[in-house]
Every structure is written in C-alpha cells, then in structure tokens.
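Each chain, letter by letter, is given below.
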Amino acid sequence: QVQLVESGGGLVQAGGSLRLSCAASGTSRNFNIMAWYRQGSGKARELVAHISSGGSTYYADSVKGRFTISRDNAKNTVSLEMNSLKPEDTAVYYCYARRMLSSTEYWGQGTQVTVSS
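To keep things clear, this report deals only with the structure shown in the data block.

Rules and cut-offs
- Residues numbered from 1 in each chain as written.
- Predicted model: local features only at pLDDT ≥ 70, side-chain atom pairs only at ≥ 80, totals over all residues.
- Heavy atoms only, no water.
- Helix = DSSP H or I, 4+ residues; strand = E, 2+ residues; numbered from the N terminus.
- Buried < 20%, exposed > 50% of the residue type's maximum accessible area, 1.4 Å probe, protein only.
- Contact = heavy atoms within 4.5 Å.
- Pairing = 2+ DSSP bridges.
- Axes fitted to C-alpha atoms, helices over the stretch in contact; angles between N-to-C directions.
- Phe/Tyr/Trp six-rings, centres within 6.5 Å; stacked < 30°, edge-to-face > 60°.
- Lys NZ or Arg CZ within 6 Å of the ring centre and 35° of its normal.

Here the focus is the environment of Thr111. Counting through the fold element by element, Thr111 comes out in strand β11 (residues 111-116). Of the residues examined, Thr111 reaches a relative accessible area of 12% and is grouped as buried. Apart from the residues lying within four places of it in its own chain, the contact partners of Thr111 are Glu6, Gly9, Leu20, Ala91, Val92 and Tyr93.

What follows is the structure, encoded as structure tokens:
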C-alpha cells in the first residue's frame, strides 16, 4: 500500500523559485532510487533528477546548476529545490521511487508547476 504524495507546485514568475516535496507512506523501508520526472503539455515524460540512498545525484542538462534534489531517509521523503525558473520548466512534476533489485515502480499523482513570463 505504498503511496507517494507530492506537494509544493504552483504558479511562479520567471526567475523565481519553488520547492517540491514528496512523502512516501505505507512502508518503513527506504528506496534505493528516488527521482523527479516532469511532463510538459504535449511532450514525453522526462527525467529531471534522481538521488540514490547513498546520496549520489544525477541532473538533466536542462536543469543542472538550477535545481537541487535531496532526501531524508529517516522520513522517506525527497525534495526538489528549483531556482531561476524558466517558462520551459512548466510541466506536471512526478515523484518516483524504486527499491534495489525490484521491478516495482511507484509514482506520485503529480503536481503542476507553471512558470510565467
């Protein structure tokens, strides 16, 4: 009964900042990989950033230097700090989690981020 719930989305002007959070419930076990994906209108879903249980991170080139992913293993949460936002960052952002050697993927319901000009 694992669920991922995102929060923190909203409307912001270009150059502004937002912080997204994702909380996992229904389990006391940590996930090997937690990540953020996004999907713009009429576009394919793409990986934004991911972080391992050990703290190793990856960022898409389009957000590197502007976004920061972090996690709290004790709370089973993952966050995405988004700075210097651009209109092209507008999308629905989804939280993702998977355990090591597991084929089961967990997705959040998504939260809308809209960046205006």
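Strands pair in a sheet through their backbones, by hydrogen bonds, and they do so in one of two ways: parallel or antiparallel. In space, the four strands of this open sheet follow the order β1-β3-β8-β7, with antiparallel pairing throughout. Every other strand in the sheet has two partners, leaving β1 (3-7) and β7 (67-72) as the edge strands with one partner each. The average angle at which neighbouring strand axes cross in this sheet is 15°, direction not considered. Sheet topology places β7 next to strand β8 (residues 77-82); six bridges connect them, and they run antiparallel.

With that settled, consider the pairing of β8. The pairing of strand β3 (residues 18-25) with β8 spans six bridges and is classified as antiparallel. Residue Leu18 lies in a different strand from β8, and its bridge partner there is Met82. Count of turn residues in the β7/β8 antiparallel hairpin: four residues, of which Asn76 carries a positive phi of about 55°.

The next point concerns the packing of aromatic side chains. Tallied over the full model, the rule gives four aromatic pairs. Members of the aromatic cluster, joined through ring pairs, are Tyr37, Tyr96 and Trp107. A cation sits over an aromatic face here: Arg45 above Tyr94, 3.8 Å from the ring centre. A cation over a ring is seen here: Arg45 above Trp107, with NZ or CZ 4.7 Å from the ring centre.

Once that is clear, we can look at the pairing of β1. Residues Leu4 and Glu6 of β1 are buried on one face, while the alternating residues Gln3, Val5 and Ser7, pointing to the opposite face, are not. Inspection of the sheet shows β1 paired to β3 by five bridges, in the antiparallel sense. When the sheet's bridge partners are listed, Leu4 is paired in β3 with Ala24.

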